[in-house]
Amino acid sequence: MPPIPRELELQAEALAVSLRPLLVASGRVAASVTQGIHGRRQSGPGENFWQFRRYQSGDPAGAIDWRQSAKSDPLYVRETEWAAAQTIWVWPDSSPSMRWRSRPDLPEKRQRAALLALTTAAVLLQGGERVGVLGGRDAPNAGRGMLPRLADAMFDAAGDGRLPDVPVSRQSHVLIFSDFLMPLDSLEAQLRRWSESGVRGVLIHLLDPAEITLPYQGHVRFSGLEGEGDLVVPRAEALRDAYGARLGAHRAALAAMTRAVGWRFLDHGTDAEPREVLIALHNALAGH
Amino acid sequence: MGSLSTLSFVTPWALAALGGLPVLWWLLRATPPAPKRQSFPALRLLIGLSTAERSVARTPWWLLLLRLALAATVIAAAAHPILGAFPTPGNAPLLLVVDNGWAAAKLWPQRRATLDRLAGEAARNGQPVMLLPTAPPADGAPISASRLLPAGEVQAMIQALEPHPWPTDREAAAKALDEASQTTSMRVVWLTDGLGDERTDAFVARLNHFGGLEVIKASEGGTAKLLTPPRLDAKDLTPRVRRVASAPPAMMRVRGVDEAGRTLAVETVGFAAGEGDKEIALPMPTELRNRAVRLEIEDEATAGGVVLLDDRWRRRPVGLVDESGGGASPLLDDLFYADRALSSMAELRRGKVRDLLQRDLSLAILPDLGNLGEEDARALKAWVEQGGVLLRLAGPNLARNPDDLLPVRLRGGGRMLGGAMSWTRPMTLAPMPEVGPFSGLTVPNDLKIATQILAEPGPDLNDRTWARLEDGTPLVTGAPLGRGWLVLIHTTVGPGWSNLGMSGLFPQMLQRLLDLSHGVSGGAADHPLAPVEVLNGFGQLEMPGGVVEALLPKVAVTAIGPHHPPGYYGNESGRVAINLASAVGPLMPLVLPVGTAVTSLGARPVARDLQPALLAAVLGLLLLDLVAVLGLRGLLRPRRAHILLAAIGVFGMAMSGGRDASAGTGIDIDLQAALQTRLAYVLTGDARVDDSSRAGLLGLSQVLERRTTASLGEPVGVDVARDPLMVFPLLYWPVTGAQGPLPSAVREKVNDFMRHGGLILFDTQDRGDDGPEKMRRLAEGLDIPPLAVVTEEHVLTRSFYLLREWPGRSEGAPVYVQDGGDPANDNVSPLIIGANDWAGAWAVDRRGDPMYAVVPGGEQQREMAYRFGVNLVMYALTGSYKADQVHLPAILERLKR
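Residues numbered from 1 in each chain as written. Chains lettered and ligands numbered in written order. Predicted model: local features only at pLDDT ≥ 70, side-chain atom pairs only at ≥ 80, totals over all residues.

Side note on the overall build of chain A
- Check the secondary structure of chain A and you find eight helices and ten strands.
- Residues classed as buried in chain A amount to 36% of the 288 residues present.
- In chain A, 75% of the contacts between residues at least 6 apart in sequence involve partners at least 24 apart. (Helix = DSSP H or I, 4+ residues; strand = E, 2+ residues; numbered from the N terminus. Buried ≥ 20, exposed ≤ 12 C-beta atoms within 10 Å, placed from the backbone. Contact = placed C-beta atoms within 7 Å.)

Below, the structure written as structure tokens:
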């Protein structure tokens, strides 16, 4: 059995095959963006053919398209479309609470988060975008060779559930995959800071089905994973409704906070197929 | 019998503890199991949530129930219940009547267990017990009943009780009961062997005097069977199997065993319902037959299931010296009459002296041939000195030129009795003398001797005369030479000089001479025969005890008993087998009066101790409780649960006595064969031959696996008409007489197989029957190429081992292959024909031991047979690859130049 990063990488590539290469929709593109393959609908540095135009003095001789020029008297120069790349940061939460699953046939939340992040990264890399892991060692970069390094970076970081406070360049995108079982204050502050500097992004809320339905019965001693202590419940089934209401409120708060900064918010249960949320994420990024 | 529903307790006061169960219930309810542990990431959301109802955790009802059941079972086990104990009839004594004759050896362990149980019950109830075995005891004392003894002492007697190798004597047993003069009423249990005789009714009536008689009896199928000695004059050993005619249909196997306990032959006999007596033939080559010392019914360890054989059952090879190669007028030929007289009791070989003496001979008959060659005479003399018996027949040639291979000196010329020029009439024989090999034979009165050769009178002529004419002149003389005998009949056996050959006396005389050839002096023994080895009740030979008496001469043994148990009597020079069957009549089932209580021998014990079962249940419930508690606390991972459940399952199986399911395999033959290279044999329809072929190829495959790189699968039997042949490299085809000419379609298939590289080994497995004829019939219409005997140049002699001969179970028969070879087929012969019964030599049983003895014998021969097999398979697999070696000398020669 290959180690987990390699296995996930394979899964991610398999999933990515079914999605179109993704170019992040970018309304306002800074002039300084790095070269990528975002067609900018004007001639410039790039690979795709854009137009032929008459040779003007000052053009380098190597730019002359001799095949085209041979068809008629004037000399023609081949112009390519100007392409530019976007930077996308992904952050799969790897806090202890993410390393949990209620049934052996379900993936751990952290694993699902990494899979979603990697798949998205793979699709983005196909589109020529630059992808990086928040808090990882490598700077964002483009190219297929980036994928294994991303996978490694996701499993290197033993996170504490807090968003890493690293400088994020303006106009880039941030994707956060987490269960968001953390105090929302610090998250909100961070989102606001990013949003002010023009960073956009998506929050993907991952939950295990047991965290949604609380399926336990009888006399149960619940213990938290992040040192919250124990809680003995005489009849767990009696808590189910109250818990559901509280979870609903938490989600609503999250969604509201996201909307306030102009980001997108997506829900995902680990018992669902990853494809659904991937398509939603795809659409969110493509700007549909 | 008895009321099975009664339930009694050994310690009933323990049941009082059942009253504590409600308290236990209350206690269990009040102490619920510890909470289940559950890790939960969203604990932050749970903290602070309080349930509206403040309910107390409860023990689940089913756990309560489980634990109460557990407690109840423990209490019940402590009370030690016994189901269906026999209602104690006061303390009336118990009379145990046990058949311990030969027939009781069958199922003896069950019988002893039943006796133990009965005595144990009596001990519990404090009943005194009287024990009455119905067979005469081994010390020769009369049958007697024991006194009324405490059950404990009787248990020791039961341990010492053994079945005897002689029949029961119920009349004497009834008498012993009378002598015991027990007048009080007793409970009588008779453990019978299931056989009855005419005296049984009186015995049953006597037992019924005491009150209730219970009979414990094995089922009809479990009644002992009897094997009777084979007839003396048959060609094969043909014992009869007798059994109770009312028994259900059954199959049994009878086998012949040699001195060392090796099986020589096995035959299966099937009994239909109602059949009680069946003859079974054990065909064996003469050499094997003469090694057989014991016939037995398999899995029937009783003295009656064993027949001991002695010299009377040996067939001895007799050589008829025939220099002419078939006379013109057979009815005038001496040998014709000798042949007829001996054919039923001995194996006959005809041929020249040199050829005959190459194999073992007991008796050689030399007719009147004229001058014996110098070399032949020397060879014959040497053979006689080794222990052979040479019987010479007189005639005109001998009368003219007597030689020195004669017991007495002869006068030249014959003596005519009767005829135109003589006063005397043809004479008959005088009664046989009291001593000598012919003692006791009666002389038919129509015997006529017309001409004889006279012996020269001498001092020892009288001692050497074994039979005389009426006038006292010797007609048969014999003298020892070395360890053997020279015998002369002073007249012809053919009609030339006498009608001796046509009389019934001649075969009897020859039989006596045959006996002589093995050192058994003729006639019945004239001195007492001491016991050598006797059978015990289970049919095993052991040293005779002190009371076994010697057999008196000329007294037929009818009373098999403690004084004359079945076994061997005699000394080193010869021993006589006494078999039980001669003293036992037809087997009759036991007929009991209507209304007698009969229990089957294997039936469940009457009283059943329930404590072990309850303790087992306690253990099972404890395990269940463990699983339940683990489950409630959430400690039960699926993997652990499997282990636990498996443990419980194993436990349950051990309790119920696990049974295994044997999976049948039904793969298609060609699929099997195509997946792995394997040998194949042709199914002949004769189960014995097919078994032998299968076992033979199995043995060969194992040898190949061990010694070569050829790793073959399990051999399969193919039906040439139905199964595809093309997937097999080698087909072993035992040729039996039953295989006729093949149908044309099959013939075409076999031809096709041979044309396209298949190799068939035809084995006629000669046992003196007509091998070539069988082969001819089978091969009709097959494309048999011109054949040649395998020479030393053939690849078969060097394809793996270097071989010079090809023995199988027998040896010496030539092996034929295609003459030359077909270049299209890499010069590989498409068939090999032989008669040495190779499968018989290769055959191994499940344990890997050889199944059949090889003839003439020795592991050397079996090894050679295996080597032939290895070479054969290599030849089939690699073709003439090794033939290059034939040219190796030539190639080397060329390289030198």
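Here's the deal with the overall build of chain B
- Tallying secondary structure elements over chain B gives 23 helices and 39 strands in all.
- The buried share among the 897 residues of chain B stands at 38%.
- Considering only contacts within chain B whose residues lie at least 6 apart along the sequence, 78% involve residues at least 24 apart.

Focus on the pairing of strand S8 (residues 220-223) of chain A
- Burial along S8 of chain A is one-sided: the residues Val220 and Phe222 of chain A are buried and none of Arg221 and Ser223 of chain A is.
- Relative to strand S2 (residues 36-39) of chain B, S8 of chain A is paired through four bridges, and the arrangement is parallel. Within the sheet, the bridge partner assigned to serine 223 of chain A lies in S2 of chain B and is serine 39 of chain B.
- In the sheet, S8 of chain A pairs with strand S9 (residues 230-233) of chain A via four bridges, with the strands oriented antiparallel. In the sheet register, phenylalanine 222 of chain A faces S9 of chain A, and the bridge partner there is leucine 231 of chain A.
- As consecutive antiparallel partners, S8 of chain A and S9 of chain A are separated by six residues, and within that stretch glycine 227 of chain A has a phi angle of approximately 75°, a positive value. (Pairing = 2+ DSSP bridges.)

A closer look at the confidence of the model for chain A
- For chain A, the mean per-residue pLDDT works out to 79, and 83% of the residues sit at or above 70.
- The low-confidence segment residues 25-35 of chain A, where pLDDT is below 50, has 16 contacts with residues more than four positions distant or belonging to other chains. (pLDDT = per-residue confidence, 0-100.)

With respect to helix H7 (residues 200-208) of chain B
All names here are of chain B.
- The complete set of buried residues in H7 reads Phe203, Val204 and Leu207. Viewed along the axis of H7, the buried residues span an arc of 100°, placing them on a single side of the element. More than 90 degrees from the buried face of H7, the exposed residues found are Ala202 and Ala205.
- The elements touched by buried residues of H7 are strand S4 (94-98), helix H6 (170-180), strand S7 (187-192) and strand S9 (213-217). (Arc of directions from axis to C-beta.)

So, the interface of chain B and chain A
- Facing the 19 residues of chain B at the interface are 26 residues of chain A.
- Here the residues of the side of chain B that touches chain A sort into eleven nonpolar, four polar and four charged. (Nonpolar A, V, L, I, M, F, W, Y, C, P; charged D, E, K, R; others polar.)

Some words on the confidence of the model for chain B
All names here are of chain B.
- Scored by pLDDT, chain B has a mean of 80; 87% of the residues are at 70 or more.
- Contacts of residues 519-524 to residues separated by more than four positions or lying in other chains number 15 contacts, the stretch itself having pLDDT below 50.
- In the predicted structure, residues 657-667 sits below a pLDDT of 50 and forms two contacts with residues beyond four places in sequence or in another chain.
- For this predicted complex, the interface confidence reaches an ipTM of 0.72, while the overall pTM sits at 0.43.

Considerations on the packing of H6 of chain B against H7 of chain B
Residue and element names in this part refer to chain B.
- Across the interface, H6 lies against H7 with an axial gap of 9 Å and an inter-helix angle of 25°. As the angle between them shows, H6 and H7 are arranged roughly parallel. Every pair of crossing elements has a handedness; the one defined by H6 and H7 is left-handed. Here Arg170, Ala173, Ala174 and Leu177 of H6 lie close against H7, whose contacting residues are Thr200, Ala202, Phe203 and Arg206.
- For the contact of H6 with H7, the residue count by class is five nonpolar, one polar and two charged. (Axes fitted to C-alpha atoms, helices over the stretch in contact; angles between N-to-C directions. Parallel < 35°, antiparallel > 145°, perpendicular 65-115°, else oblique. Left-handed = near helix turned anticlockwise from the far one by under 90°.)

Some thoughts on the nonpolar core
All names here are of chain B.
- Membership of the largest hydrophobic core comes to 109 residues, with the highest contact counts inside it found for Leu227, Leu730, Leu731, Tyr732 and Trp842.
- When residues of this core are assigned to their parent elements, the largest contribution, ten residues, is made by helix H22 (residues 859-878).
- In contact with tryptophan 842, other than residues within four places in its own chain, are Gly696, Leu697, Gly699, Leu700, Ala865, Tyr866 and Gly869. (Core = buried A, V, L, I, M, F, W, Y, C linked by C-beta atoms within 7 Å.)

Digging into the sheet that holds strand S6 (residues 149-150) of chain B
Residues and elements named next belong to chain B.
- Spatially, S6-S5-S4-S7-S9-S31 is the arrangement adopted by the six strands of the open sheet, whose pairing is mixed. Looking along the sheet, the strands with just one partner apiece sit at the ends: S6 and strand S31 (597-600).
- Note: S9 against S31, four bridges, orientation parallel. Paired with glutamate 214 across the bridge in S31 is alanine 597.

Some points on unusual backbone geometry
- Of note in this structure, phenylalanine 180 of chain A is not a glycine but carries a positive phi near 50°.
- Note that phenylalanine 180 of chain A resides in the loop between strand S6 (173-178) and helix H5 (184-196).
- Phi is positive for leucine 107 of chain B, which is not a glycine, with a value near 60°.
- The residue leucine 107 of chain B is located in the loop between S4 and helix H4 (108-125) in this model.
- With 21 C-beta atoms counted inside 10 Å, the residue leucine 107 of chain B sits in the buried group.

Regarding the environment of arginine 316 of chain B
Residue and element names in this part refer to chain B.
- In this fold, arginine 316 is placed in strand S17 (residues 316-321).
- Taking the C-beta count within 10 Å as the criterion, arginine 316 has 21 such neighbours and is therefore assigned buried.
- For the pair arginine 316 and leucine 361, spaced 45 residues apart in the sequence, the C-alpha separation amounts to 7.3 Å.
- The contacts of arginine 316, once residues within four sequence positions are left out, are Ala346, Ser362, Leu363, Leu514 and Ser517.

Digging into the sheet that holds S9 of chain A
- The strand order across the open sheet formed by three strands is S9(A)-S8(A)-S2(B), and the pairing between neighbours is mixed. Of all the strands in the sheet, just S9 of chain A together with S2 of chain B have a single pairing partner and so form its edges. Across the sheet, the axes of successive neighbouring strands diverge by a mean angle of 25°, strand direction being ignored.

Some details on the packing of H5 of chain A against helix H7 (residues 240-260) of chain A
Residues and elements named next belong to chain A.
- Closest axis-to-axis distance for the H5/H7 pair is 10 Å, and the angle between their directions is 15°. If you check the angle between H5 and H7, you find them roughly parallel. Pair H5 / H7 crosses with right-handed handedness. Here Leu184, Glu188 and Leu191 of H5 lie close against H7, whose contacting residues are Ala253, Leu254 and Met257.
- Counted by class, the contact of H5 with H7 contains five nonpolar, no polar and one charged residues.

Examining the pairing of strand S20 (residues 389-393) of chain B
All names here are of chain B.
- The buried fraction of S20 is high, at five of five residues.
- The alternating pattern of S20 places Val389, Leu391 and Leu393 and Leu390 and Arg392 on opposite faces, both of which are buried.
- Here strand S19 (residues 363-366) runs beside S20; their pairing, made up of four bridges, is parallel. Each bridged residue has a counterpart across the sheet, and for leucine 363 the counterpart in S20 is valine 389.
- After leaving S19, the chain enters helix H11 (residues 374-385) and then returns to the sheet as S20, a path that is right-handed.
- Examined bridge by bridge, S20 and strand S25 (residues 484-489) share five bridges and lie parallel to one another. In the sheet register, valine 389 faces S25, and the bridge partner there is tryptophan 485. (Right-handed = clockwise from strand over helix to strand, strands pointing away.)

Some points on the environment of glycine 395 of chain B
Residues and elements named next belong to chain B.
- Within the secondary structure, glycine 395 sits in the loop between S20 and helix H12 (396-400).
- Expressed as a C-alpha distance, the spacing of glycine 395 and glycine 496, which sit 101 residues apart in the sequence, is 8.4 Å.
- The residues contacting glycine 395, other than those within four sequence positions of it, are Pro367, Asp368, Thr492 and Gly496.

Comments concerning the environment of tyrosine 243 of chain A
- Looking at the secondary structure, you find tyrosine 243 of chain A in helix H7.
- Look at tyrosine 243 of chain A and you get partly exposed, because 18 C-beta atoms sit within 10 Å.
- Each C-alpha atom of the pair tyrosine 243 of chain A and isoleucine 212 of chain A lies 8.6 Å from the other, and the pair is 31 residues apart in sequence.
- Sequence-distant contacts of tyrosine 243 of chain A, defined by excluding residues within four places in its chain, comprise Leu214 of chain A together with Leu45, Leu46 and Leu49 of chain B.

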